[in-house]
4 protein chains.
Amino acid sequence: MSNSFGQAFRLTSFGESHGRGVGGIIDGCPAGVALDLDFIQAELNRRRPGQSSLTTSRDEPDVVEFLSGLFEGKTTGTPIAFCVWNAKQRSGDYDAMKDLFRPSHADYTYYHKYGLRDNRGGGRSSARETVARVVAGAVAKQLLKDLGITITAYTSQVGPIKADKPYASYDFSTIEQNPVRCADPEVAIKMAELITSVKAKGDTIGGVVTCVVQGAPVGLGQPVFNKLHAALGSAMLSINAVKGFEYGMGFDVDHFGSEVNDVFYNDNGLIRTRTNYSGGIQGGISNGEDIYFRVAFKPVATILMEQQTVNKQGEPVTFKAHGRHDPCVLPRAVPVVEAMAALVLIDMYLLNNANQA
Amino acid sequence: MSNSFGQAFRLTSFGESHGRGVGGIIDGCPAGVALDLDFIQAELNRRRPGQSSLTTSRDEPDVVEFLSGLFEGKTTGTPIAFCVWNAKQRSGDYDAMKDLFRPSHADYTYYHKYGLRDNRGGGRSSARETVARVVAGAVAKQLLKDLGITITAYTSQVGPIKADKPYASYDFSTIEQNPVRCADPEVAIKMAELITSVKAKGDTIGGVVTCVVQGAPVGLGQPVFNKLHAALGSAMLSINAVKGFEYGMGFDVDHFGSEVNDVFYNDNGLIRTRTNYSGGIQGGISNGEDIYFRVAFKPVATILMEQQTVNKQGEPVTFKAHGRHDPCVLPRAVPVVEAMAALVLIDMYLLNNANQA
Amino acid sequence: MSNSFGQAFRLTSFGESHGRGVGGIIDGCPAGVALDLDFIQAELNRRRPGQSSLTTSRDEPDVVEFLSGLFEGKTTGTPIAFCVWNAKQRSGDYDAMKDLFRPSHADYTYYHKYGLRDNRGGGRSSARETVARVVAGAVAKQLLKDLGITITAYTSQVGPIKADKPYASYDFSTIEQNPVRCADPEVAIKMAELITSVKAKGDTIGGVVTCVVQGAPVGLGQPVFNKLHAALGSAMLSINAVKGFEYGMGFDVDHFGSEVNDVFYNDNGLIRTRTNYSGGIQGGISNGEDIYFRVAFKPVATILMEQQTVNKQGEPVTFKAHGRHDPCVLPRAVPVVEAMAALVLIDMYLLNNANQA
Amino acid sequence: MSNSFGQAFRLTSFGESHGRGVGGIIDGCPAGVALDLDFIQAELNRRRPGQSSLTTSRDEPDVVEFLSGLFEGKTTGTPIAFCVWNAKQRSGDYDAMKDLFRPSHADYTYYHKYGLRDNRGGGRSSARETVARVVAGAVAKQLLKDLGITITAYTSQVGPIKADKPYASYDFSTIEQNPVRCADPEVAIKMAELITSVKAKGDTIGGVVTCVVQGAPVGLGQPVFNKLHAALGSAMLSINAVKGFEYGMGFDVDHFGSEVNDVFYNDNGLIRTRTNYSGGIQGGISNGEDIYFRVAFKPVATILMEQQTVNKQGEPVTFKAHGRHDPCVLPRAVPVVEAMAALVLIDMYLLNNANQA
């Protein structure tokens, strides 16, 4: 179904931007895991609006409440339901736009597909839905941590400004020290300046998130159709505003096989590859090297500038969005990318267990 | 499961490169469709080895046999099983390599995951598996054709040589007239020259396939996790050698929202967008514009040059592959990309029907 | 996954008897349906504890709150999340039993499978989980009503007392007029007397629910493995305390084919069968006749009598349950059977739509 | 999808009674299992027509051919495709009936649902489809055998003649020694006599199969909707001609809780129950006791007697089936029941592995 993700560790999400709240059910979480609720809340805080001057100034606390599946602090193997209740609802901001189709939003397609739509802030198509992903991803991260698997994402491009050195050359501990969540502190400053100037104009700007999974064992991923990178791609492409996904050498295809084949060698008993153009995945299955991939985000569709469009009656109209919006989704997208990667990795880990008699 | 694709129109594939054959079962195909078996065979012929000097010289006829699901030439609503029997099996070519892990192949990951592997020509991880996709895709294409939906792919990059004009500027009827399947006849010549020179060296080269879906109605795609482009991405990334997927503006993210928002207008009663940076999909749902995307392929991992690697015992070994292999996967990947796109589109069409009470 | 039911109209449920509440998410409900919330609450009231002297005296209001998926009273095609918050929580009743395995409960199997268990009132294995089914079933019933499909269940056996005339001989409007929900008012009185006497002893008693689906069109049900009756059977057997399912002639197998073959005839243009030993389903697909089936319920496992068992340490212990429990699950099971039948029927209806190109 | 069964160990079946053959794909079988092909063929032989005077006299060899998933005799973790090619095809027997709807067959429902039907011998709705189940079940049995789990079914009722002693009182080694596959040799003789007399009249007769699963560990089964007995029920009800399923005390509900609660005790360190009214399953999860259940089969619909019906035009017609048919499905249903039980058990075993982090 369209609102569920994963097979063995499955998130089913619900909720709209201006309804009661956004939440989900995790089905398949192993029992006996002592959840660190503070960690989960901290992950949510990384995603929340109003965290810096570079994001929307909407100040939503986004506190998660768990509704089931825990007993005395541990998972019980039953569904873990949770909800982040919507606090401030300025849906009045949207009244003026309820009958028109905002460009590059889902207004028109939802309206056409369903015959009606929740016009309060994008409803279900709002990026607020990713709240559920971050909570579930934080649960997954805790399971992965016990397996020695870590996931780190950072903003690697904003507009023309790139942090494009090899990820291994960066000190990941700096990522959370700048509001852009860029792994290169100097580039981060330039990115922040660009976002600030874009925000001042009421415009928006696109970018790229790079993500690295370290510590994954050999063997995760299910051939043929549920390859590890196909699942990661599907996960990333399901995030609002994502337009592309590449892993390993990606679109940098102007190479000969003799250049980019990853040669195996024996590293004191461990079989490794000397290079990693494969991005840690061969034949759809992790090979023990770092898994890395890049995710392209378009500029946020909501701009605070006058735009042309049509209304439900097909009449041309001019409008200008008001309210508080992100000039650049990248800083807040970083934890969402990590969360989706975590959901994929734990799912593949559990699916792999199901392959063993 | 890992060997099934789609929800309402589901392909489950089977088979290895050097076993009995490669085939599949299509479950969910509507009844009463008079299948054009010649068309299906023609699609297979577009994928088959030995079709030109640019591909492997293995000359496999690849004839499909249908085993069930048809009665008096029409689909009956029951599973459509089919098989392409493997004809020539020179698995002896692989004997020398059966105990070593070929670089950038799935040898090592399969062996590690499963504890053993079918070492005859890659077994299940061989691109020969895509035979099943092309057959099922050809069935899907016939259903889509009746719905007015067409799918066209072409090679848009080989190494550094690009056919990077907007797809609308090309005459698609030329694609099948050159062995590269490039939409630009002049560029096709250069691509062919490059592939020929790469082949002469025993090397391989990567590239990009561009695909365009035309005629899709508004409303295809399932939010939130099964967005149309997420399904397309998952489909493409499941194809052997694919490293990246982008749709619409893709990784070309250095733009402002004010530049790339697709403005709606009323085109004689039809609501359309003036530009199509969205790639025909908004909020995960088709908006009636052309759907277009690009798929990155790495160079084929099998090169006819000496390479280092390790064997099962972890010992360093030097080897050189023999036999007949593709110097560039792009020309034969074109029908595979189209087939996977067709599977996604028909699945979304049928799923959309299941949304209607 | 184990906590989801249905393919096209899917309920994922959550919650424990003594946690925050019990609820669920419905994914796949068509858009534009004006939900009658009063009807849904009324269905819940049919299931709620404390509704008569024959049921547990726990008086829980069981009010449903919808959390998402509705806009201005209509479904939007997005997930419909809901919760029935747990009101009174006398989990102290269970403290004395938290370390022992109650006979014929799920205590032992849950503890063994998961390594721990929520011991407050059965946790997830409590029949309170059926709250979610009744809410989702009530939504399904509204969709079915618009399609002319009605579902009626009644208590047809309590201990040795049976209402075993053909269902067609009963006036279904009497069912809700007696607390047993028996279709035969005279038999209902005897059933009530039996339940009352069983309750006085602190014991419990089993029984049977009969269910009839009327108005289903020809063609619902998916061969081969998801036959309509297989889905109904799976649905019923997933209800707490159910031990058997039969439809049509069921276990009454001492018949010749020549006796029980249902002969077709032309009833003024409509093809019908003169008898209905098939139970309205042939080859797994509805044939337009009434669909009827019977569901066997064991006596409730919680009895207010001294019982032997062992504790977690494997030591023999004697215990006696306290609190308020149902002496017979049948009266409250009737709406649950109907709800599960409704979930199956709407799922099959929507799946059938997905079969049409 | 409707032609797939199981989640972790999934069979997708295909084929019609008079087409090319009947087969399937097993996806999810663990790697490294040395399949005993003779055993698989032996299981097929237990199902095959013409094996005794009590079954149809059609003499079909039913030899299975494996098409993929095996390498040097072992499973590789890839899809195991197989086919039993149809040998003799006397579809001419069905020509006279191609335009009419045979009573209590799937002719009418298939025709109505799909708009056409394969009229050669029932096509996909033929019990010949169970060939695929027996092959897949035989693979599952080998995995289960290594886990110490055995599955034994026998005919426990034919018409009014019952073998209704507790299963534990029978010597299972006698089952295959009589053509009825009854666990009671003396009752078997009476059953055989009845079937012979029924056959002489061209009529058919119903019955019951009892099945016992021994050696299952505690913990198999997925609450809430995929309970072990719900999956078993769904599996059994998907078999042609099945009308009912009960496990443990089943429909024998005229009991008090105090009578049928299964008391736990410590059997030298193993927690067991003194009785087994639960049928080895509590809360949907196996508890380590024997799992037992009963499956009701209606009489075969094809009788060699004159019958009334209507044709596609709705006109009344009289017809009489010819050819060779089973007078009683029970003897050949026994291996099918076992096979489906095996598919459920191995699926639950693997799913349980997926629950473990």
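These lines cover the structure that appears in this document, whether it is placed above or below. Note that the structure is predicted; figures quoted are calculated from it, not measured.

This next bit is on the interface of chain C and chain B. Listed per partner, the contact involves ten residues of chain C and ten residues of chain B. Both faces combined, the contact of chain C with chain B buries some 860 Å², and carbon together with sulfur accounts for 62% of it. When the area that chain C buries against chain B is broken down by residue, the three leading residues are Ala354, Asn355 and Ala357 of chain C, summing to 47%. Applying the counting rule to chain C against chain B returns two residue pairs in polar contact (both at pLDDT 80 or more). Each residue belonging to the side of chain C that touches chain B can be placed in one class, and the counts come to seven nonpolar, three polar and no charged.

In this section: the interface of chain A and chain B. Listed by partner, the interface residues are 100 residues for chain A and 100 residues for chain B. Counting the surface lost from both chain A and chain B, the interface buries some 7,600 Å², and carbon and sulfur atoms represent 62% of this. Remark: the boundary between chain A and chain B carries zero salt bridges. Taken together, the links from chain A to chain B amount to 43 residue pairs in polar contact (both at pLDDT 80 or more). By residue class, the composition of the side of chain A that touches chain B is 44 nonpolar, 43 polar and 13 charged. Strand direction decides the pairing type here: strand β11 (residues 242–247) of chain A and strand β11 (residues 242–247) of chain B, joined by three bridges, are antiparallel. Its bridge partner being in β11 of chain B, glutamate 246 of chain A is matched across the sheet by glycine 244 of chain B.

All names here are of chain B. A rise of 1.5 Å per residue sets the reference length of helix α4 (residues 185–200), with its 16 residues, at 22 Å; its end C-alpha atoms lie 23 Å apart and thus fit the reference within 8%. Among the residues making up α4, those that are buried are Val187, Ala188, Met191, Ala192, Leu194, Ile195 and Val198. End-on view of α4: buried residues confined to an arc of 165°, all on one side of the axis. Counted as exposed and oriented over 90 degrees from the buried face of α4: Glu186, Ile189, Lys190, Glu193 and Ala200. Residues of α4 that are buried sit in contact with β8 (150–158), β9 (161–162) and α7 (330–354). The opening residue of α4, the one whose side-chain oxygen lies 3.1 Å from the backbone nitrogen of glutamate 186, is aspartate 184. One or two positions beyond α4, positive phi appears at glycine 202, with a value near 80°.

In globular proteins that are soluble, nonpolar side chains generally tend to be buried together. Within the largest apolar cluster, 376 residues are counted, with the highest numbers of intra-cluster contacts made by Phe293 of chain A, Phe293 of chain B, Phe293 of chain C together with Phe293 of chain D. Setting aside its immediate chain neighbours within four residues, phenylalanine 293 of chain C contacts Val209, Thr210, Cys211, Val213, Leu232, Met236, Phe245, Glu246, Tyr247, Val337 and Ala341 of chain C. Listed in part, the eleven residues of the second largest apolar core include Leu67, Cys83 and Trp85 of chain A together with Ile25 of chain C.

With that settled, consider the pattern of salt bridges. In the structure shown here, the tally under the stated rule is 79 salt bridges over all chains. The partner of aspartate 184 of chain B in a salt bridge is lysine 165 of chain B, with the nearest N and O atoms 3.9 Å apart. Here lysine 165 of chain B lies in the loop between β9 and α4 and aspartate 184 of chain B lies in the loop between β9 and α4, a separation of 19 residues in the sequence. Via salt bridges that share partners, Glu43, Arg46, Lys141, Glu176, Arg181 and Glu338 of chain A belong to a single interconnected network.

Attention shifts here to the pairing of strand β10 (residues 207–214) of chain C. All names here are of chain C. With respect to burial, β10 is a largely interior element, seven of its eight residues being buried. Bridge analysis of strand β8 (residues 150–158) against β10 gives eight bridges, and the strand direction is antiparallel. Bridging from a neighbouring strand, glutamine 157 pairs with valine 208 of β10. Pairing of β10 with strand β16 (residues 291–297) involves seven bridges; the strand directions are antiparallel. Looking at β16, one finds that valine 212 is bridged to tyrosine 292.

The next thing to look at is the relation of the copies chain A and chain B. Note that the two copies of the chain are related through a rotation about an axis and a translation along the same axis. Once chain A is rotated about the relating axis by 180° and shifted along it by 0.0 Å, it coincides with chain B to within an RMSD of 0.0 Å. Taken together, these values place the two copies in the relation of a two-fold axis. With an isologous cut-off of 70% or more, the 100% of interface residues of chain A that recur at the interface of chain B puts this contact in the isologous class.

What follows concerns helix α2 (residues 107–114) of chain B. Because each turn of an α-helix spans 3.6 residues, side chains separated by three or four positions in sequence point in the same direction. When you tally the buried positions in α2 of chain B, you get six out of eight residues, the bulk of the element. Every buried residue of α2 of chain B is listed here: Asp107, Tyr108, Thr109, Tyr110, Lys113 and Tyr114 of chain B. Looking at the buried side of α2 of chain B, the elements it contacts are β12 (264–267), β13 (270–273), β14 (281–282), β15 (285–286) and α7 (330–354) of chain A. Positive phi appears at glycine 115 of chain B, one or two residues downstream of α2 of chain B, with a value of about 85°.

This part is about the relation of the copies chain C and chain B. Superposition of chain C onto chain B requires a rotation of 180° combined with a translation of 0.0 Å along the rotation axis, giving an RMSD of 0.0 Å. When the interface residues of chain C are mapped onto chain B, 100% of them are again interface residues, pointing to one common binding face.

Parameters and conventions
- Residues numbered from 1 in each chain as written.
- Chains lettered and ligands numbered in written order.
- Predicted model: local features only at pLDDT ≥ 70, side-chain atom pairs only at ≥ 80, totals over all residues.
- Heavy atoms only, no water.
- Contact = heavy atoms within 4.5 Å.
- Buried area = accessible area lost by both parts, 1.4 Å probe.
- Polar contact = N/O pair within 3.5 Å; in protein donor to acceptor, adjacent residues only side chain to side chain.
- Nonpolar A, V, L, I, M, F, W, Y, C, P; charged D, E, K, R; others polar.
- Salt bridge = Lys/Arg side-chain N within 4 Å of Asp/Glu carboxyl O.
- Pairing = 2+ DSSP bridges.
- Helix = DSSP H or I, 4+ residues; strand = E, 2+ residues; numbered from the N terminus.
- Expected span 1.5 Å × (residues − 1).
- Buried < 20%, exposed > 50% of the residue type's maximum accessible area, 1.4 Å probe, protein only.
- Arc of directions from axis to C-beta.
- Core = buried A, V, L, I, M, F, W, Y, C linked by side-chain atoms within 4.5 Å.
- Least-squares fit on C-alpha atoms with pLDDT ≥ 70 in both.

Function-wise, these values are silent; they only describe arrangement.
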